[in-house]
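Observations on the model geometry
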Amino acid sequence: MAECPPSLNPQQQAAVKNMDNPLLVLAGAGSGKTRVITEKIAYLIGQGLPAWHIAAVTFTNKAAREMKVRAGALLDDKKIRGLRVSTFHALGLDILRREHAALGFKSAISIFDEQDRTALLRELIKQNPDAVDSDPVEAHSWQISRWKNAFVTAQQACRLDDPELAEAARLYGDYTRQMKAYNAVDFDDLILLPVLLFQEQPELLEKWCNRIRYLLVDEYQDTNLTQYQLIKLLAGSIGRLTVVGDDDQSIYAWRGAHPENLVQLQKDYPRLQVIKLEQNYRSSGRILKAANQLIANNPHLFEKRLWSNHGPGEPLRVLSHGDEITEARQIASEIVHHRFKTGSRYRDYAILYRGNHQSRLFERTLREYDIPYNLSGGTSFFAYAEVKDILAYLRLLTNPDDDSAFLRIINTPRREIGTGTLEKLGQYANRRHIGLFPACFELGLEQQLPERAVQRLRRFCEWLVDTADRAERGDTFAVIREFIDRLGYEQWLKESSKTERAAQRKIANVHELIGWMQRLTDQEEKHPPLSDLVAKVMLFDILERNQEENVSDRVNLMTLHAAKGLEFPYVFLIGMEENLLPHQTSIEENNIEEERRLAYVGITRAQKQVTFSYCTRRKRYGEMTDCTPSRFLDELPAEELEWSGKQSIDPEEKKERGMASLAQLRDLLTEQ
DNA sequence: TTATCCAAGATTTTT
DNA sequence: TCTTGGATAA
């Protein structure tokens with residue numbers, strides 16, 4: 001973490017102590033915003049507001065965890081009991097779980113991820129063959145999500161009368177009805193449904209407002225319109241509320257984030273106080289100067305200028321390379337040399353890039369150079385097919401209406417239940433307006449399907465019912481383990497995997513998932529029902545947790561998005577080229593500002609030094625293409641930049657600095 | 001029902 | 001160039 005001042009600076013103090021007015025804290029990068037939130041929680045409790053009346057909301061599990069830990073360090077356990085620190089989605093889930101009846105849901109709610117949503121939409125499109133539609137399913141799925149994030153209901157979407165979106169609007173309605181039938185919600189619903197509920201039933205809102213008497217919101221610039229509605233409802237008309245944000249770090253507009261919420265706050269709460277935190281405790285002067293100058297090219301909701309007490313520090317460097325292979329090699333070799341020269345650790349370095357695909361070459365190169373690295377982002381644990389399968393089984397055990405889960409696992413592992421059978425089952429269930437699982441037990445099904453098929457379905461379903469029963473009553477996890485065992489799932493993984501190693505990895509993932517859920521259960525005094533657990537698990541990412549535990553000494557590889565909120569002594573910003581950063585599609589859509597903020601986020605991650613690098617030629621989609629250095633490089637203070645690369649560097653130095661052979665490097669390492 | 005091939009497309013992704 | 005998913009053949 002950045003060094004914090006021994007005591008809070010005047011602005012931070014003002015932010016902590018202001019509790020009578022709604023408060024907006026404009027916290028620049030590295031200005032100690034997490035500290036302000038945690039200190040404020042401690043202050044509120046010190047002023048006599050019990051912890052269980054305070055809620056702090058973040059966007060990531062990681063941020064929530066960090067906040068909990070840091071609040072815990074300020075206060076003793078007793079005082080902090082009941083404090084709610086969670087993600088938006090976890091808060092929404094909690095509301096839904098407690099108020100499900102008011103929304104017409106049964107208690108065991110399934111949570112659908114994007115894949116589930118897309119699969120369901122695909123089904124819905126198939127069911128309506130007269131609609132000639134060329135748009136891919138993903139486009140509709142995305143549009144529906146956009147609507148949900150922008151607080152547009154299905155009815156409102158239908159009334160938009162936009163022929164381009166008519167099909168999506170129709171699907172939105174069908175989808176919403178179908179989800180209700182499945183007793184399922186998606187991630188966006190976790191925010192949207194509580195808002196709709198509170199609007200319709202003020203007495204429930206009052207209950208929750210009574211419970212949450214002070215609300216703190218982290219990364220406020222990332223809230224979407226629906227989340228803002230939820231904040232406004234919970235904070236009430238008085239606005240017992242502190243939000244902390246930075247419009248310069250808004251990099252999620254493409255996902256529905258609405259940084260204008262910063263201004264809206266001023267309109268909705270005339271008594272709003274605004275406090276700016278501009279002192280930076282992270283970076284050296286030159287880095288801040290560069291960051292300030294770059295971001296000055298964007299229009300601003302609020303003016304803000306970062307400064308720091310640190311010295312000017314080292315100049316910013318720009319490296320030029322002939323191609324991406326040279327780029328990767330030179331950076332790898334620089335890290336080796338620099339680390340050796342300064343006695344730094346691997347984990348002091350971060351290599352940041354715009355797109356995930358850029359990591360691949362760097363991974364390979366770092367391996368060649370024997371540099372340990374950590375890759376964050378990429379595929380999440382829950383994207384693994386084996387994890388999704390097991391979760392689908394668990395979902396079906398707790399929620400028999402979850403057709404998505406049913407379809408996913410009915411023939412995984414193979415049970416000789418093919419599409420023909422499922423098609424007929426689906427038609428029957430549709431006619432009877434029931435789920436696929438309940439349909440299997442109906443007598444009428446026997447007229448539709450051959451007896452063998454019915455038998456197979458029933459045998460499987462009866463087994464599930466029996467398992468669910470025993471899991472409810474007995475030792476839940478013993479039952480689940482036995483269930484997975486009897487499924488023959490591991491055997492199936494072995495058979496279907498290409499290599500033995502892949503199979504072992506998948507099996508390990510399954511164990512990890514179950515073990516993790518069990519630990520989660522054991523933490524709670526009263527064992528929560530399985531359905532709660534399954535829902536909760538959907539909101540977490542186990543990989544994230546692993547990386548926390550893994551405090552090993554590794555170079556960090558991540559996207560600029562993933563880097564937000566983190567800091568490193570030495571930062572490499574690679575691929576500083578037009579069409580890469582700013583990204584091509586953003587140029588086409590004329591959305592340079594968000595790209596500029598991405599660059600800004602990248603620069604402000606650095607404590608001591610930033611190194612930019614670009615290539616003059618690069619392989620793209622398998623073809624060598626010419627590249628132009630990013631326009632953002634021109635927007636930086638030229639006098640603080642030190643260019644090196646083929647134009648400016650003399651051949652001797654180049655040889656010495658960049659092109660050391662692998663053998664030389666190995667020698668260097670062994671000497672050490 | 002499953003295996004294999006081919007064509008299209010290729011940002012970012014907190015939950 | 002690599003991945004993904006849909007179509008097609010066995």
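Residues numbered from 1 in each chain as written. Chains lettered and ligands numbered in written order. Predicted model: local features only at pLDDT ≥ 70, side-chain atom pairs only at ≥ 80, totals over all residues. Heavy atoms only, no water.

A closer look at the overall build of chain A
The cut-off we apply is this: Under the DSSP-based scheme used, a helix requires at least four consecutive residues in state H or I and a strand at least two consecutive residues in state E, with every element numbered from the N terminus. A radius of gyration in this sense is built from C-alpha atoms; the matching globule rule multiplies 2.2 Å by the number of residues raised to 0.38. Think of it in three bands: residues with accessible area under 20% of the maximum for their type are buried, residues over 50% are exposed, and the middle band is partly exposed, with areas taken using a 1.4 Å probe on protein chains only. We call two residues contacting when some pair of their heavy atoms lies within 4.5 Å.
Along the backbone of chain A there are 33 helices and 17 strands. Radius of gyration (C-alpha) of chain A: 27 Å, near the 26 Å computed for a compact globule of 672 residues. Each principal axis of the C-alpha distribution contributes one length, and for chain A these read about 85 × 60 × 55 Å. Here chain A, with 672 residues, has 54% of them falling under the buried criterion. Expressed as a percentage of contacts within chain A between residues at least 6 apart in sequence, the contacts between residues at least 24 apart total 78%.

As for the protein's contact with DNA strand C
Put simply, the rule is: Working definition: residue near molecule or strand if any one of its non-hydrogen atoms lies within 4 Å of it. Note on residue classes: Ala, Val, Leu, Ile, Met, Phe, Trp, Tyr, Cys and Pro are nonpolar, Asp, Glu, Lys and Arg are charged, and everything else, Gly too, is polar.
Around DNA strand C, the neighbouring residues are R122, R360, Y621 and G622. Looking at DNA strand C alone, sugar and phosphate atoms form 40% of those within 4 Å of the protein. A class-by-class count of the residues in the surface near DNA strand C yields 1 nonpolar, 1 polar and 2 charged.

Quick word on helix α16 (residues 358-368)
Within α16, burial applies to Q358, S359, L361, F362, E363, T365 and L366. Following α16 by one or two positions, D370 adopts a phi angle in the positive range, close to 60°.

Digging into the protein's contact with DNA strand B
Threshold: Side-chain atoms alone can form a polar contact between residues adjacent in sequence; in general such a contact is a pair of N or O atoms within 3.5 Å, and within protein one must be able to donate a hydrogen while the other accepts it.
Residues in contact with DNA strand B amount to 26 residues; listed here are only the nearest, R255, R354, R414, G418 and S586. Atoms of DNA strand B within 4 Å of the protein: sugar and phosphate make up 50%, bases the balance. Taking R354, its side chain carries an N or O atom lying 2.3 Å from a base oxygen of DNA strand B. Of the residues belonging to the surface near DNA strand B, the class tally is 6 nonpolar, 13 polar and 7 charged.

Points about the packing of helix α14 (residues 285-295) against helix α30 (residues 592-603)
To be explicit about the condition: A fitted line through C-alpha atoms serves as each axis, taken over the contacting stretch for helices, and the angle formed by two N-to-C directions is quoted from 0 to 180°. Geometric relationships in this document are graded by angle, where less than 35 degrees denotes roughly parallel, more than 145 denotes roughly antiparallel, 65 to 115 denotes roughly perpendicular, and other angles denote oblique.
The contact between α14 and α30 brings their axes to 10 Å, and the two run at 170°. By the angle between their axes, α14 is roughly antiparallel relative to α30. For the pair α14 and α30, the contacting residues are I287, A291, L294 and I295 in the first and R596, R597, A599, Y600 and I603 in the second.

Comments concerning the side chain of S344
Within the secondary structure layout, S344 lies in the loop between α15 (324-342) and β10 (349-353). Separated by 2.6 Å, the side chains of S344 and T342 make a polar contact. If sequence neighbours within four positions are ignored, S344 has contacts with H338, R339, Y349 and Y570.

Regarding the sheet that holds strand β3 (residues 84-87)
Basically, it comes down to this: When DSSP finds two or more bridges between a pair of strands, those strands are recorded as paired.
Spatially, β3-β2-β6-β7-β1-β8 is the arrangement adopted by the 6 strands of the open sheet, whose pairing is parallel. Pairing within the sheet leaves two strands with one partner each, and these edge strands are β3 and β8 (273-277). Between one strand axis and the next, the sheet turns through 15° on average, direction left out of account. In this sheet, strand β6 (residues 214-217) lies alongside strand β2 (residues 54-58) in parallel orientation, the contact comprising 4 bridges.

Here's the deal with the pairing of β2
Counting buried positions over the 5 residues of β2 gives 5, a clear majority of the element. Taking every second residue as pointing to the same face, both faces of β2 are buried, with I54, A56 and T58 on one and A55 and V57 on the other. Here 4 bridges tie β2 to β3, and the two strands are oriented parallel to one another. Opposite V57, over in β3, you have S86 as the bridge partner.

So, the state of the cysteines
Rules: Here, two cysteine sulfur atoms that lie within 2.5 Å of each other are counted as a disulfide.
Inspection of the entire model under this criterion finds 0 disulfides. Counting only cysteine sulfurs, C440 is the nearest neighbor of C461, a cysteine outside any disulfide, at a range of 3.7 Å. Overall, the relative accessible area of 0% leaves C461 in the buried class.

What about the pattern of salt bridges?
This is how it is decided: Should a side-chain nitrogen of Lys or Arg be within 4 Å of a carboxyl oxygen of Asp or Glu, the pair is scored as a salt bridge.
Counted by the stated rule, this structure contains 47 salt bridges. Between D401 and K106 there is a salt bridge, with its nearest N and O atoms 2.4 Å apart. Of this pair, D401 sits in the loop between α17 (385-398) and α18 (403-409) while K106 sits in the loop between α5 (88-99) and β4 (110-112), placing them 295 residues apart in sequence. On the accessibility criterion, D401 (12% relative accessible area) is buried. With its nearest N and O atoms 2.8 Å apart, the salt bridge here joins D402 to R395. In this structure, D402 and R395 share a single accessibility class: buried. Salt bridges sharing common partners tie together K33, D218, E219, D222 and K564.

Overview of α30
Rules: Given the number of residues in a helix, its expected span is that number minus one, multiplied by 1.5 Å.
Compared with the 16 Å implied by 1.5 Å per residue over 12 residues, the 17 Å span of α30 between its first and last C-alpha is a close match. Taken together, the buried positions of α30 are I592, E594, E595, R596, R597, L598, A599, Y600, V601, G602 and I603.

Description of the environment of Y281
Residue placement: Y281 occurs in the loop between β8 and α14. C-alpha separation for the pair Y281 and N509, spaced 228 residues apart in sequence, amounts to 40 Å.

A short note on the confidence of the model for chain A
Worth spelling out the cut-off: Every residue gets a pLDDT, meaning the predictor's confidence in that residue, from 0 to 100.
Chain-level pLDDT for chain A is 86 on average; 91% of the residues reach the 70-or-more range. Considering only residues more than four positions removed or in separate chains, one finds that residues 647-672, a stretch of pLDDT under 50, has 36 contacts.

Considerations on unusual backbone geometry
Leaving glycine out, the prevailing phi sign among residues is negative, and the prevailing peptide bond configuration is trans. At the junction of L581 and P582, the peptide bond is cis and its omega measures out at 0° in the coordinates. One can find P582 in the loop between β13 (568-573) and α29 (584-588). Of note, H433 is a non-glycine position whose phi angle comes to about 55°, a positive value. One can find H433 in the loop between α19 (419-432) and α20 (436-439). With relative accessibility at 71%, the residue H433 sits in the exposed group. Residue N590 is not a glycine yet carries a positive backbone phi of 55°. Tracing the sequence through the fold places N590 in the loop between α29 and α30. The exposure class assigned to N590 is exposed, which follows from its relative accessible area of 64%.

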